[in-house]
Amino acid sequence: MAAFGLSVLARVAQAPRPFDAAFALAVFSQAWGAFTGTVDAVAGYELVARAIGSLSMAALRYLLLVRLRAVPDLSGKTDIHERTGIFLTATSLGFGVGMLYEVGAWASNGLFDASPYTFGELIAHMAIYLVASAAGAALLVMWDRAGWSTRRVPAAALVARHA
């Protein structure tokens, strides 16, 4: 149910297709890994799923806040200070989601008697969230530097543009 709610937020954010696709891949990898046990069975699967999730959440949360007019839109922001602010804000948003996930995992470990993470694992997860969120924020800034729209372009317009 949470994945559906997040998917609705991605649609509300009107994210460009590559960011929306990254988010869909993140939700799929988390759900598939949990359903099939791949998270525990395949080395590195959890790392990749966490990284894709943080990368996409950093960009999507920023775009959602743009739609809510809480932060400035990327369009026309050419000053290094503005782009640095956008980068730092998006990185912080993605990292914050990761930290909330870890708090939820810690609480569920206590509630459901699961094996808790070691301190080293927690620090590794935090590092993954930070680096992946920074990568998502950097992609968002590079997307803007390329002059591409921060709103989802309808498929009909894409077909007409390439016809």
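Everything discussed here concerns the structure shown above.
Rules used in this analysis
Residues numbered from 1 in each chain as written. Predicted model: local features only at pLDDT ≥ 70, side-chain atom pairs only at ≥ 80, totals over all residues. Heavy atoms only, no water. Helix = DSSP H or I, 4+ residues; strand = E, 2+ residues; numbered from the N terminus. Expected span 1.5 Å × (residues − 1). Buried < 20%, exposed > 50% of the residue type's maximum accessible area, 1.4 Å probe, protein only. Contact = heavy atoms within 4.5 Å. Axes fitted to C-alpha atoms, helices over the stretch in contact; angles between N-to-C directions. Parallel < 35°, antiparallel > 145°, perpendicular 65-115°, else oblique. Left-handed = near helix turned anticlockwise from the far one by under 90°. Nonpolar A, V, L, I, M, F, W, Y, C, P; charged D, E, K, R; others polar. Phe/Tyr/Trp six-rings, centres within 6.5 Å; stacked < 30°, edge-to-face > 60°.

Another point: helix H6 (residues 119-145). Because an α-helix completes one turn every 3.6 residues, residues spaced three or four positions apart along the sequence face the same direction. In this model, H6 (27 residues) spans 39 Å end to end at C-alpha, consistent with the 39 Å of a helix rising 1.5 Å per residue. The set of residues buried in H6 consists of His125, Ile128, Tyr129, Ala132, Ser133, Gly136, Ala137, Leu140, Val141, Trp143 and Asp144. Considering only its buried residues, H6 is in contact with helix H2 (17-36), helix H4 (45-67) and helix H5 (80-112). Phi turns positive, to about 85°, at Gly147, one or two residues after H6.

At a minimum axis separation of 8 Å, H4 and H5 run at an interaxial angle of 125°. Compared by their axis directions, H4 and H5 come out oblique. Of the two elements, H4 crosses H5, and the hand of that crossing is right-handed. The residues of H5 that touch H4, namely those facing Arg50, Ser54, Met57, Ala58, Arg61, Tyr62 and Leu65, are Ile86, Thr89, Ala90, Leu93, Gly94, Val97, Tyr101 and Glu102. In terms of residue class, the contact of H4 with H5 is built from nine nonpolar, three polar and three charged.

The next thing to look at is the packing of aromatic side chains. For any two aromatic rings, the description comes down to two numbers: the centre-to-centre distance and the angle of the planes. Summed over the entire model, instances satisfying the criterion amount to two aromatic pairs. When the centroid spacing of 5.4 Å and the interplanar angle of 70° are considered together, the rings of Phe19 and Trp143 count as edge-to-face. Of this pair, Phe19 sits in helix H2 while Trp143 sits in helix H6, and the two are 124 residues apart along the sequence. Given the relative accessible area of 7%, Phe19 is considered buried. By relative accessible area, which is 16% here, Trp143 ends up buried. Between Phe28 and Trp32, the aromatic rings sit 6.0 Å apart at their centres with planes inclined by 15°, giving stacked as the arrangement. Here Trp32 and Phe28 lie together in helix H2, a separation of four residues that amounts to about one turn.

What follows is about the environment of Ala132. Within the secondary structure layout, Ala132 lies in helix H6. Here Ala132 falls in the buried class, since its relative accessible area comes to 7%. Once the C-alpha coordinates of Ala132 and Ile52 are considered, the two residues, 80 residues apart in sequence, prove to be 7.1 Å apart. Beyond its immediate chain neighbours, meaning those up to four positions away, Ala132 contacts Ala51, Ser54 and Leu55.

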